[in-house]
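Each chain, written out:
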Amino acid sequence: MGKHTFSKHEKLTKESWIKELFEKGSSFNLYPFRIVFKDHPALDATTHQVLISVSSRNFKRAVDRNSVKRRIREAYRLNKEILVIPKKLLLAYIYVAKEILPSAIIHEKLIRANEMIVKRNEKAS
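Residues numbered from 1 in each chain as written. Predicted model: local features only at pLDDT ≥ 70, side-chain atom pairs only at ≥ 80, totals over all residues. Heavy atoms only, no water.

1. Brief notes about unusual backbone geometry
Rule in force here: The helix and strand labels rest on DSSP assignments: H or I over at least four residues marks a helix, E over at least two residues marks a strand, and numbering proceeds from the N terminus.
Tyr31 connects to Pro32 through a cis peptide bond whose omega is 10°. Mapping Pro32 onto the fold places it in the loop between β1 (26–30) and β2 (33–39).

Structure representation (structure tokens):
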């Protein structure tokens, strides 16, 4: 079992890659998430890069948005070893629920989402 970390180089911050992810990436919904994923454009990528988004339309208070993002980051950090695939991905987890769900539900759904990403990647290969 590897280290359970979520370091800076795992965060998707490059604007051109974010734009490409949303324009050309595949997506699916698994409540409370909408997941968008695409093969990483850098051939020498060492890790998947992740973007976590919570809408200010659904959560007016920054405290609530940050709380949800913290829960999603924690769920990803603990369960990222599920995403063991040869090619690296750009991933976006978009939280679409209108209420703050318990951490246990977020963990469970993120695990299922990661498993679905792996299955879809196997089909594409």
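2. Concerning the pattern of salt bridges
Applied cut-off: Salt bridges are counted wherever a side-chain nitrogen of Lys or Arg sits within 4 Å of a carboxyl oxygen of Asp or Glu. Note on classification: 1.4 Å probe, protein chains only; a residue is buried when its accessible area is under 20% of the maximum for its type, exposed when over 50%, partly exposed between these limits.
Taken as a whole and judged by the stated rule, the model has five salt bridges. A salt bridge links Lys80 to Glu10; its shortest N-O distance comes to 2.9 Å. Here the residue Lys80 occupies a position in the loop between α2 (62–79) and β4 (89–95), and Glu10 occupies one in the segment before α1 (15–24), the gap between them amounting to 70 residues. Here Lys80 matches Glu10 in class, with each residue buried. The salt bridge involving Lys38 is made with Glu20; its shortest N-O contact spans 3.0 Å. Residue Lys38 is located in strand β2, and its partner Glu20 is located in helix α1; the two are separated by 18 residues in the primary sequence. Note on Glu20: relative accessible area 22%, which makes it partly exposed.

3. As for the environment of His48
We apply this condition: Pairs of residues are marked as contacts when any of their non-hydrogen atoms sit within 4.5 Å. Polar contact criterion, stated in full: a pair of N or O atoms within 3.5 Å, where within protein one must be able to donate a hydrogen and the other to accept it, and residues adjacent in sequence count only if both atoms are side-chain atoms.
Tracing the chain through its elements places His48 in the loop between β2 and β3 (49–54). It is 18 Å that separates the C-alpha atoms of His48 and Phe33, two residues lying 15 residues apart in sequence. Leave out the neighbours within four places in its chain, and His48 touches Glu10, Tyr76, Leu83, Ile85, Lys87, Lys88, Leu89 and Leu91. Of note is the side chain of His48, whose polar atom sits 2.9 Å from the backbone oxygen of Leu83.

4. Comments concerning the sheet that holds β3
Rules: When DSSP finds two or more bridges between two strands, those strands count as paired. For helices, the axis comes from a line fit to the C-alpha atoms of the stretch in contact; other axes are also lines fit to C-alpha atoms, and the angle between any two N-to-C directions lies between 0 and 180 degrees.
An order of β1-β2-β4-β3 is seen for the four strands of this open sheet, with the pairing classed as mixed. Each edge of the sheet is formed by a strand with only one pairing partner; in this case those strands are β1 and β3. For this sheet, the mean inter-axis angle between neighbouring strands, taken without regard to orientation, is 15°. By the bridge criterion, six bridges tie β3 to β4 in an arrangement that is parallel. Within β4, the position partnered with Ser53 by the bridge is Ile94.

5. Comments concerning the environment of Ile85
Take Ile85: it is sitting in the loop between α2 and β4. What makes Ile85 buried here is its relative accessible area of 10%. Considered as a pair, Ile85 and Ile117 are 32 residues apart in the sequence and their alpha carbons are 9.7 Å apart.

6. Digging into the pairing of β3
Put simply, the rule is: Seen with its strands pointing away from the viewer, a crossover is right-handed if its path from the first strand over the helix to the second goes clockwise.
Most of β3 is tucked away, with five of its six residues classed as buried. For the segment spanning β3, α2 and β4, crossover handedness is left-handed.

7. What about the packing of aromatic side chains?
Formally: Under the pairing criterion, centres of Phe, Tyr and Trp rings, with the six-membered ring standing for Trp, must be within 6.5 Å; the plane angle then separates stacked pairs below 30 degrees from edge-to-face pairs above 60, leaving the rest tilted.
What the rule picks out here adds up to six aromatic pairs. Arranged with centres 6.0 Å apart and planes meeting at 55°, the rings of Tyr76 and Tyr93 form a pair that is tilted. Here Tyr76, found in helix α2, pairs with Tyr93, found in strand β4; they are 17 residues apart in sequence, far enough to count as distant. No difference in accessibility class separates Tyr76 from Tyr93, as the two residues are buried. Cluster of aromatic residues (ring-pair linked, three or more members): Phe6, Phe33, Phe59, Tyr76, Tyr93 and Tyr95.

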